[in-house]
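What follows is each chain in one-letter form.
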Amino acid sequence: AFIILPLSFFFIIKGGWFLLFFLIFVLFAGLHEVYTSFKKKVSILFLSLILSLAVASIFFLRNGEEGGHTLLYLAIGICISSDIGGYVFGKIFKGKKLSLISPNKTISGVFGSYFFSLVFFVVFVEHINFVFNLSINQTAYIEGAFFAIIFSTIAQFGDLIISYFKRMEKIKDTGKILPGHGGIFDRIDALMFVVIFASLINYFYFL
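Residues numbered from 1 in each chain as written. Predicted model: local features only at pLDDT ≥ 70, side-chain atom pairs only at ≥ 80, totals over all residues. Heavy atoms only, no water.

A. Quick peek at the overall build of the protein. Looking only at helices and strands, the protein features seven helices and zero strands. For the protein, the accessible surface area stands at approximately 12,300 Å², while carbon and sulfur atoms represent 72% of it. (Helix = DSSP H or I, 4+ residues; strand = E, 2+ residues; numbered from the N terminus. Areas by Shrake-Rupley, 256 points an atom, 1.4 Å probe, with all protein chains shown as cover.)

Here is the structure:
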């Protein structure tokens with residue numbers, strides 16, 4: 001994790017050909033997982049489509065219209081924060097299980113995901129204000145917080161959707177490319193759905 005995460009950010013920040021080759025590697029590695037770990041045609045078709053759209057969305061956001069890269073960084077940060085918040089609150093407060101699809105997820109974890117996502121959003125916006133000497137009005141702040149909640153919700157549903165397909169195939173991890181973490185889909189399950197949604201927002205906003 002200490003190697004993969006900074007390396008991924010390096011390629012995303014660099015953009016251009018660096019990001020393109022990185023995304024091509026992720027795409028082919030992910031497709032390899034799909035065709036070797038999943039047997040059902042509906043699983044293979046759906047996961048291949050989602051992965052392809054997610055890879056295209058990341059490239060589009062990073063190298064597309066103005067503001068796309070900021071939205072990409074926000075989406076990635078919220079996905080990470082949402083995941084950490086769900087884990088921390090779930091471990092500390094435990095409580096009722098959220099779904100049989102993913103037994104480790106709890107209701108308290110959902111609130112933790114929202115809380116950490118909002119905290120990250122505030123830190124992210126204040127950082128942008130400080131670096132670029134901007135002043136974001138209250139309405140924009142509220143709208144941004146609303147989207148942070150939406151991103152976190154999509155991330156959590158994305159995680160559950162991938163867990164559902166893994167449960168259908170009776171597998172724990174989609175692969176072994178990341179020691180201790182499983183496969184590509186195990187790491188970017190939530191992010192795939194969020195970046196697709198973020199790219200749609202970016203496209204229609206600048207249309």
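B. A look at helix 6 (residues 138-169). The end-to-end C-alpha distance of helix 6 is 47 Å, a good match for the 46 Å that 32 residues give at a rise of 1.5 Å each. In the segment just after helix 6, Lys-170 is the residue with positive phi, at about 60°. (Expected span 1.5 Å × (residues − 1).)

C. View of a nonpolar patch on the surface. A cluster of nonpolar residues, Trp-17, Phe-21, Ile-24 and Phe-28, forms a patch on the protein surface that exposes about 510 Å² of accessible area. Take Phe-21: it is sitting in helix 2 (residues 16-37). (Patch = residues over 30% accessible without salt bridge, like charges linked within 9 Å, V, L, I, M, F, W, Y side chains within 5 Å. Salt bridge = Lys/Arg side-chain N within 4 Å of Asp/Glu carboxyl O.)

D. Molecular detail of the pattern of salt bridges. Applying the stated rule across the entire model yields one salt bridge. The partner of Lys-105 in a salt bridge is Asp-159, and the shortest N-O contact between them spans 2.7 Å. Placement of the pair is Lys-105 in the loop between helix 4 (68-93) and helix 5 (107-132) and Asp-159 in helix 6, with a sequence separation of 54 residues. With relative accessibility at 14%, the residue Asp-159 sits in the buried group. (Buried < 20%, exposed > 50% of the residue type's maximum accessible area, 1.4 Å probe, protein only.)

E. Expanded view of the nonpolar core. Counting residues in each nonpolar core, the largest one holds 46 residues, and the members touching the most others are Phe-151 and Met-192. It is helix 7 (residues 184-205) that provides the largest number of residues to this core, a total of ten residues. Leaving out residues up to four positions away in the same chain, Met-192 has contacts with Ile-50, Leu-51, Ala-54, Ile-162 and Phe-185. (Core = buried A, V, L, I, M, F, W, Y, C linked by side-chain atoms within 4.5 Å. Contact = heavy atoms within 4.5 Å.)

F. Molecular detail of helix 7. For helix 7, spanning 22 residues, the distance from its first C-alpha to its last is 30 Å, which sits close to the expected 32 Å at 1.5 Å a residue. The sharpest bend along helix 7 comes to roughly 40°, located at Ala-190. (Bend = angle between axes of the 7 residues up to and from the residue.)

G. Here's a closer look at the packing of aromatic side chains. A full pass over the atoms with the stated rule returns 15 aromatic pairs. With a centroid separation of 5.9 Å and 35° between ring planes, the pair formed by Phe-89 and Phe-115 is classed as tilted. Here Phe-89 is found in helix 4, whereas its partner Phe-115 is found in helix 5, with 26 residues between them in sequence. Judged by its relative accessible area of 47%, Phe-115 falls in the partly exposed class. The ring of Phe-18 is capped by Lys-14, whose NZ or CZ atom sits 5.0 Å from the centre of that ring. (Phe/Tyr/Trp six-rings, centres within 6.5 Å; stacked < 30°, edge-to-face > 60°. Lys NZ or Arg CZ within 6 Å of the ring centre and 35° of its normal.)

H. Local environment of unusual backbone geometry. Phi at Lys-170 takes a positive value of approximately 60°, unusual for a residue other than glycine. One can find Lys-170 in the loop between helix 6 and helix 7.

I. Broad picture of the packing of helix 4 against helix 6. Their axes nearest at 9 Å, the elements helix 4 and helix 6 cross at an angle of 60°. By the criterion of interaxial angle, the relationship of helix 4 to helix 6 is oblique. The element helix 4 and its partner helix 6 pack so that their crossing is right-handed. In this structure, helix 4 contributes Leu-71, Leu-74, Ala-75, Ile-78, Cys-79 and Ser-82 to the contact, and helix 6 contributes Ala-148, Phe-151, Ser-152, Ala-155 and Gln-156. Of the residues contributing to the contact of helix 4 with helix 6, the split by class is eight nonpolar, three polar and no charged. (Axes fitted to C-alpha atoms, helices over the stretch in contact; angles between N-to-C directions. Parallel < 35°, antiparallel > 145°, perpendicular 65-115°, else oblique. Left-handed = near helix turned anticlockwise from the far one by under 90°. Nonpolar A, V, L, I, M, F, W, Y, C, P; charged D, E, K, R; others polar.)

J. Local environment of the packing of helix 4 against helix 7. Direction vectors running N to C along helix 4 and helix 7 enclose 150°, while the axes themselves pass 10 Å from each other. Taken together, helix 4 and helix 7 sit at an angle that is classed as roughly antiparallel. For the crossing formed where helix 4 meets helix 7, the hand is right-handed. The segment helix 4 lies against helix 7, with Gly-68, Leu-71, Leu-72, Ala-75, Ile-76 and Cys-79 engaging Ala-190, Leu-191, Val-194, Val-195, Ala-198, Ile-201 and Asn-202. Taken together, the residues that form the contact of helix 4 with helix 7 break down as eleven nonpolar, two polar and no charged.

K. Spotlight on the side chain of Ser-113. Looking at the secondary structure, you find Ser-113 in helix 5. On the accessibility criterion, Ser-113 (4% relative accessible area) is buried. Within polar-contact distance, the side chain of Ser-113 engages the backbone oxygen of Ser-82 at 2.8 Å. A distance of 3.4 Å separates the side chain of Ser-113 from the backbone nitrogen of Gly-86, its partner in a polar contact. Setting aside residues up to four positions removed in sequence, Ser-113 forms contacts with Ser-82, Gly-85, Gly-86, Ser-152 and Gln-156. (Polar contact = N/O pair within 3.5 Å; in protein donor to acceptor, adjacent residues only side chain to side chain.)

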